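Chain and residue survey
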Amino acid sequence: RKTQKETKKDSRNQGKDNRRKDEKMSKRRNIALLCAVLLALGLTACGSSAAKYKDGTYEGKSQVYEGDEDGNGDGYGVVTLTVQDNKITGCQYLTYQTDGTLKDENYGKKDGEIANADFYNKAQKAVLACGKYAAQYAESGDLAKVDAISGATISYHEFQEAVEDALSKAKE
């Protein structure tokens, strides 16, 4: 049998234990509430900070890139974006030499002939990458989801610049 002192002591300890449990529960509740508030604020901020774009077709241009001393790789990129209901519904991307000549199936040739097969293959890889960049962007609508293609990174950077330029014109 417990003495009166022991019973009081047990009662005090039980009270302390209950207060500790209450404090832990209160802390957990506060942490959960804080997380919920932060999540709600984060979602609200994401929703309100998303850019709004006007319907239409917009053209953007990158800066002119200066290649090597022979002029290989010189040029710029032009993107044509179609926006509908605040979404990218179409994207075309073409690159040009500094004189305005389109980089197409002849890009990398000298006087209409393939003088350097390695250079021509690299040039054509960059030309083909343009279509892939445009397709990835049109599908995802997110520039961060467009993957750079090895051997066509200059075109990739020009693409990013041109898209940003076009989007700046489409903002409401």
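Cut-offs used in this document
Residues numbered from 1 in each chain as written. Predicted model: local features only at pLDDT ≥ 70, side-chain atom pairs only at ≥ 80, totals over all residues. Heavy atoms only, no water. Helix = DSSP H or I, 4+ residues; strand = E, 2+ residues; numbered from the N terminus. Buried < 20%, exposed > 50% of the residue type's maximum accessible area, 1.4 Å probe, protein only. Polar contact = N/O pair within 3.5 Å; in protein donor to acceptor, adjacent residues only side chain to side chain. Contact = heavy atoms within 4.5 Å. Pairing = 2+ DSSP bridges. Phe/Tyr/Trp six-rings, centres within 6.5 Å; stacked < 30°, edge-to-face > 60°. Expected span 1.5 Å × (residues − 1).

The next subject is the side chain of serine 62. Relative to the elements of secondary structure, serine 62 occurs in the loop between strand E1 (56-61) and strand E2 (76-84). Overall, serine 62 belongs to the buried group, its relative accessible area being 5%. A distance of 2.9 Å separates a polar side-chain atom of serine 62 from the backbone nitrogen of glycine 77. Contacts of serine 62, omitting those with residues within four sequence positions, involve Tyr76, Gly77, Glu158, Glu161 and Ala162.

Here we come to the pairing of E2. Bridging between E1 and E2 involves six bridges; their strand directions are antiparallel. From the neighbouring strand, tyrosine 58 faces E2, where its bridge partner is leucine 81. Of the strand pairs in this sheet, E2 and strand E3 (residues 87-96) are connected by nine bridges, and their pairing is antiparallel. Counted as the bridge partner of tyrosine 76 is tyrosine 96 from E3. The antiparallel pairing of E2 with E3 creates a hairpin that spans two residues between the two strands, and aspartate 85 there sits at a positive phi of about 55°.

Glancing now at the packing of aromatic side chains. The final tally for this structure, using the stated rule, is six aromatic pairs. The interplanar angle of 20° and the centroid separation of 5.5 Å between the aromatic rings of tyrosine 76 and tyrosine 96 together place this pair among those described as stacked. You can see tyrosine 76 sitting in strand E2 and its partner tyrosine 96 sitting in strand E3, a full 20 residues away along the chain. Of the two residues, tyrosine 76 and tyrosine 96, both sit in the buried class. Taking 6.1 Å as the distance between ring centres and 80° as the angle between the ring planes, the aromatic pair formed by tyrosine 137 and phenylalanine 159 counts as edge-to-face.

Our next topic: helix H2 (residues 117-140). Between the first and last C-alpha of H2 there are 34 Å, a value that for 24 residues agrees with the 34 Å anticipated at 1.5 Å per step. Listed as buried for H2 are Tyr120, Ala123, Gln124, Ala126, Val127, Ala129, Cys130, Tyr133, Ala134 and Tyr137. In this structure, the buried residues of H2 make contact with E2, E3 and helix H3 (153-170). You can read the cap of H2 off the contacts: a side-chain oxygen lies 3.1 Å from the backbone nitrogen of aspartate 118, and it is on asparagine 116. Looking one or two residues beyond H2, the residue adopting positive phi is glycine 141, at roughly 70°.

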